[in-house]
Structure formats: structure tokens, C-alpha cells
Amino acid sequence: MADDNVSKDRGRKRKSALAEMFAPVAGFGVSFSTMFRKVATEEYPEKPRPTQPRFHGRHQLNRHPDGLEKCVGCELCAWACPADAILVEGADNDDTPVELGGKGRFSPGERYGRVYQINYLRCIFCGLCIEACPTRALTMTNFYELADNDRGKLIFTKDQLLAPLQEGMLPPPFPMADGMEERDYYQGKVTGPTTAQRGYVEARDARVAVDESPLAHNEPGNLAASVPGEHDVVHTTAPTAAQTREGANP
């Protein structure tokens, strides 16, 4: 019995010695095995990898087919945000004629989002804000290149988030389509601007020299940027509404 135990101990010692000898080689085993595999290098940003269809990227404020904004300034998205990254200030739509001091109508509802900001230094791209939106005004695009060397420029304002005007759309403010109510817009009964709406916008533009931006009506800009109101990321470098999974009119 004693001889058997001694032989077993010697066998264990030989195995442990061999294990210690080849331990460094075994540690590099994974490295050696991958040296001869095909390298899957992603050449970013020269060849950006396509995102998944439901990727959570930069937000977008959508429009109705005639150009009116879907956002009604309810602030539910701001309440739902767990990171407190959204700031919304609503204002009343004003159907008073412009010549009488009216500010105009920006959405079919009683109110619209006068101020809309998203702080992408806080945003965690969870998507709870778009789930809370009752009008499908806020959606998320597939755009994700949001890096910047200025913290202030990562606070996106309404002029950056608002979907560009698609073909046939008119720049607000202007009245709702004749004979249509707010619910008619969300039921899809409005498919484009009417002749009366076009005439209103043409007359408005003839009276007042308007800027190319549909929000150049004393709308607040990004005061936190190095140059207030200026941004590096604009719609010219970001996907337009037609290139997102939601589109201009989801």
C-alpha cells in the first residue's frame, strides 16, 4: 500500500511539472489560434457599418403631410425621460391674422412645442420618450455620429431635430386645412397642403421677408453653444426624414 501511494505521488508531481512547463504555451493558445484567421476589421468611418432597422439613434420631430408639426408641446416625452435629457416648452397656436399681431399656427392642436431641446450628454437612447409621445411626433432615426469637441453643441435644439420639409410641404405657420379638425390629421385624412394653405403662405411670404428656415420666427437657439444658435451637425449631413425608418409621416 505504501509503495502504491508513493508511486501515485510521483505521478502527480510529474503531471504538475509538465503542466507548469506548458502553461505559458497554453496561455498563448488563443492568440496563436487567431493569428491565422481572417481579420474582420471595420473600416470606420470610411465604410460605416449599416445599423439595424430599429436602431435607436438621433431623435426626429416629424411633420404632417402639409408641413404642420406633429408635436403639440404636451411635454410627456420630457416626463418619461429617465435621464432628464429633454426640455420642452409649449405655446398656444394663434389663428389671429398676422396683420393683427397673430403669431400663426405651427401644429393642428391647441399648442405646439415652441422650445424643444435634447441634451445628448445625458440621453441614454432608451426610447421611452418615443413610447410616451401620443402623436408619434418624436421618433428615432438611424443616425449615430454625434461626437463633438464642444459640450454645448451636443444640446440639440428644435431647428436640428425637426424633420426637413419634404416635397409639397409648406413651412409653418399657416392655418389647418379647410374643414379639417385636429383628429383628422392623425387619422390620415390630410395628404398634403390645400390651395388655400398655399395661397396663405405665398401671401405671408410676400408681406414679410422670411428666412429659409421654417423656424426663423424668433425661435430660441442653442444658447449653450460656443457660438449661440450655431451647430456642427445639421440636416445637410444627417439623414433626411425619407431616409429614416419612420419617414416624415409614420
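Residues numbered from 1 in each chain as written. Predicted model: local features only at pLDDT ≥ 70, side-chain atom pairs only at ≥ 80, totals over all residues. Heavy atoms only, no water.

Identification of the protein as NADH-quinone oxidoreductase subunit I from Intrasporangium calvum is taken from an unreviewed UniProt entry. The heading Subcellular location (unreviewed entry) in the UniProt record of the protein holds the text "Cell membrane". (UniProt positions renumbered as here; feature names shortened; annotations may be inferred.)

Turning our attention to the nonpolar core. In this structure, Cys 77, Ile 86, Tyr 116, Tyr 120, Leu 138 and Leu 161 are the most contacted members of the largest nonpolar core, which totals 23 residues. Mapped by element, the contributors of at least two residues to this core are helix 3 (76–80), strand 2 (86–92), strand 3 (111–119), helix 4 (128–132) and strand 4 (138–140). Once you skip the residues sitting within four places of it in the chain, Ile 86 turns out to touch Cys 77, Ala 78, Cys 81, Tyr 116, Gln 117, Ile 118 and Cys 129. Within the second largest apolar cluster, eight residues are counted, among which are Leu 68, Leu 170, Met 176 and Val 190. (Core = buried A, V, L, I, M, F, W, Y, C linked by side-chain atoms within 4.5 Å. Buried < 20%, exposed > 50% of the residue type's maximum accessible area, 1.4 Å probe, protein only. Helix = DSSP H or I, 4+ residues; strand = E, 2+ residues; numbered from the N terminus. Contact = heavy atoms within 4.5 Å.)

Following the UniProt record, the feature "binding site: [4Fe-4S] cluster 2" (unreviewed entry) maps to Cys 81, Cys 123, Cys 126 and Cys 129 here. Across 49 residues of sequence, these annotated residues stay compact in space, with a maximum C-alpha separation of 10.4 Å. Following the sequence through the fold, Cys 81 ends up in the loop between helix 3 and strand 2. By secondary structure assignment, the location of Cys 129 is in helix 4.

A separate point is the environment of Ala 132. You can see Ala 132 is positioned in helix 4. Accessibility expressed as a relative area gives 22% for Ala 132, which makes it partly exposed. Taking the C-alpha atoms as reference points, Ala 132 and Ala 80, separated by 52 residues in sequence, lie 6.5 Å from one another. Filtering out sequence-adjacent residues up to four positions away, Ala 132 remains in contact with Leu 76 and Ala 80.

This brings us to the UniProt feature "binding site: [4Fe-4S] cluster 1" (unreviewed entry) in the protein. Within this structure's numbering, the places UniProt gives as "binding site: [4Fe-4S] cluster 1" (unreviewed entry) are Cys 71, Cys 74, Cys 77 and Cys 133. Maximum C-alpha separation among the annotated residues is 10.4 Å over a sequence range of 63 residues, consistent with a single clustered spot. Here Cys 74 shows up in the loop between strand 1 (59–61) and helix 3. Accessibility expressed as a relative area gives 37% for Cys 74, which makes it partly exposed. Excluding residues within four positions of it along the chain, Cys 77 makes contact with Ile 86, Val 88, Tyr 116, Cys 129 and Leu 138.

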